[in-house]
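A structural walkthrough
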Amino acid sequence: MTTTSDPHRAASGAADRPRTGSIPITEAVRQRGLYYEEYRTGVVYEHRPGRTITEADDVLFTTLSGNTQSLHLDEHFASGQPFGRRLVNSMFTLSMLVGLSVAQLTEGTIVANLGFEAVEFPAPVFHGDTLYASTVVVGKRLSQSRPGQGIVTLKHTARNQSGAVVAVATRSVLVWCEEAHRRHQEAG
């Protein structure tokens, strides 16, 4: 069996590798987020594709979370309020904002979400809006209490289809350093 230096690349012997027509598959690459060493302060990560928010998304999230706010559930009530219609639950907006970043930044490399420093919702989100997210790395440092891991501070921004900023959140995550993660996986 052959091995590879990246745990996200599947190792297999030549006899085990499938073929695509006459082209042998030589390696498999598993999608992952970034290791601590790969984060660079000041870099903007644009997360695509965007996500169109449906009424079903909002109502399901709102009811599952126990939030009975009429602004999210009662069209008649909301029509008499300043925005004239139901608003998407801001906690759903926050969840979607962070969720849109996962595949590119933290999939398989995060140890823990440490918390949020600031969360803002400068404009409303409505059913049918499409959210696009981006993230800027605003800081990073190695953990003093958890060798082989580091703390990265991320500023996430969500914009709607018109480019209006609808959510901003700064959060800190604990992520693996590459070599420590490899040793952890090998120890299994």
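What you are looking at is a predicted structure, and each value in this text was computed from that prediction instead of being measured. (Residues numbered from 1 in each chain as written. Predicted model: local features only at pLDDT ≥ 70, side-chain atom pairs only at ≥ 80, totals over all residues. Heavy atoms only, no water.)

Observations concerning the overall build of the protein
The criterion, for reference: Each helix corresponds to a stretch of at least 4 residues labelled H or I by DSSP, and each strand to a stretch of at least 2 residues labelled E; elements are numbered beginning at the N terminus. For every residue, the accessible area obtained with a 1.4 Å probe (protein chains only) is divided by the maximum for its type, and the residue is called buried under 20%, exposed over 50%, and partly exposed between those limits. Note on definitions: a residue-residue contact is assigned when non-hydrogen atoms from the two residues lie within 4.5 Å. Per-residue and other accessible areas follow the Shrake-Rupley method at a 1.4 Å probe size, with only the shown protein chains counted as cover for residues.
For the protein, the helix and strand inventory stands at 5 helices and 9 strands. Element order for the protein, N to C, with α for helix and β for strand: β-β-β-β-β-α-α-α-α-β-β-β-β-α. The proportion of buried residues among the 188 residues of the protein is 37%. Sequence-distant contacts in the protein: of pairs separated by 6 or more residues, those separated by 24 or more amount to 66%. Per element, the accessible surface of the protein, about 10600 Å² overall, is 53% carbon and sulfur.

Some points on helix H5 (residues 178-187)
Three or more residues of H5 are buried, namely Ala180, His181 and Arg182. Downstream of H5 by one or two residues, Gly188 has phi in the positive range, about 50°.

What about the packing of aromatic side chains?
Heads up, the rule is: Aromatic rings from Phe, Tyr and Trp, with only the six-membered ring used for Trp, were paired whenever their centres fell within 6.5 Å, and each pair was classed as stacked if the ring planes differed by under 30 degrees, edge-to-face if by over 60, and tilted otherwise. We count a charge as sitting over a ring when the NZ of a lysine or the CZ of an arginine lies within 6 Å of the ring centre and within 35 degrees of the ring normal.
Counted according to the given criterion, the structure contains 2 aromatic pairs. The interplanar angle of 65° and the centroid separation of 6.2 Å between the aromatic rings of Phe83 and Phe126 together place this pair among those described as edge-to-face. Here Phe83 is found in the loop between helix H3 (75-79) and helix H4 (90-105), whereas its partner Phe126 is found in the loop between strand S6 (110-120) and strand S7 (130-142), with 43 residues between them in sequence. The ring centre of Phe126 lies 3.6 Å from the NZ or CZ of Arg85, which sits over that ring. Just above the ring of Tyr36 sits the side chain of Lys140; from NZ or CZ to the centre is 4.3 Å.

Quick notes on unusual backbone geometry
Residue Pro49 follows Arg48 across a cis peptide bond; omega there is 5°. Tracing the sequence through the fold places Pro49 in strand S5 (residues 44-52).

Overview of the nonpolar core
To be explicit about the condition: Joining through side-chain atoms within 4.5 Å is the link that ties buried Ala, Val, Leu, Ile, Met, Phe, Trp, Tyr and Cys residues into a set, and such a set is a nonpolar core.
Core analysis: the largest hydrophobic core is formed by 15 residues, its most contacted members being Ile53, Met96, Leu97, Val125 and Leu131. Listing elements by their share of this core, those giving two or more residues are H4, S7 and strand S9 (165-176). With 6 residues, H4 is the single largest residue contributor to this core. If sequence neighbours within four positions are ignored, Met96 has contacts with Arg51, Ile53 and Leu131. Listed in part, the 12 residues of the second largest apolar core include Leu34, Tyr45, Val152 and Val173.

Quick look at the pairing of strand S8 (residues 149-159)
So the rule is basically this: In this description, strands pair whenever DSSP reports at least two bridges between them.
When you tally the buried positions in S8, you get 9 out of 11 residues, the bulk of the element. Bridging between S7 and S8 involves 10 bridges; their strand directions are antiparallel. Within S8, the position partnered with Lys140 by the bridge is Val152. What sits between S7 and S8 in their antiparallel hairpin is a turn of 6 residues, with Gly148 showing a positive phi close to 85°.

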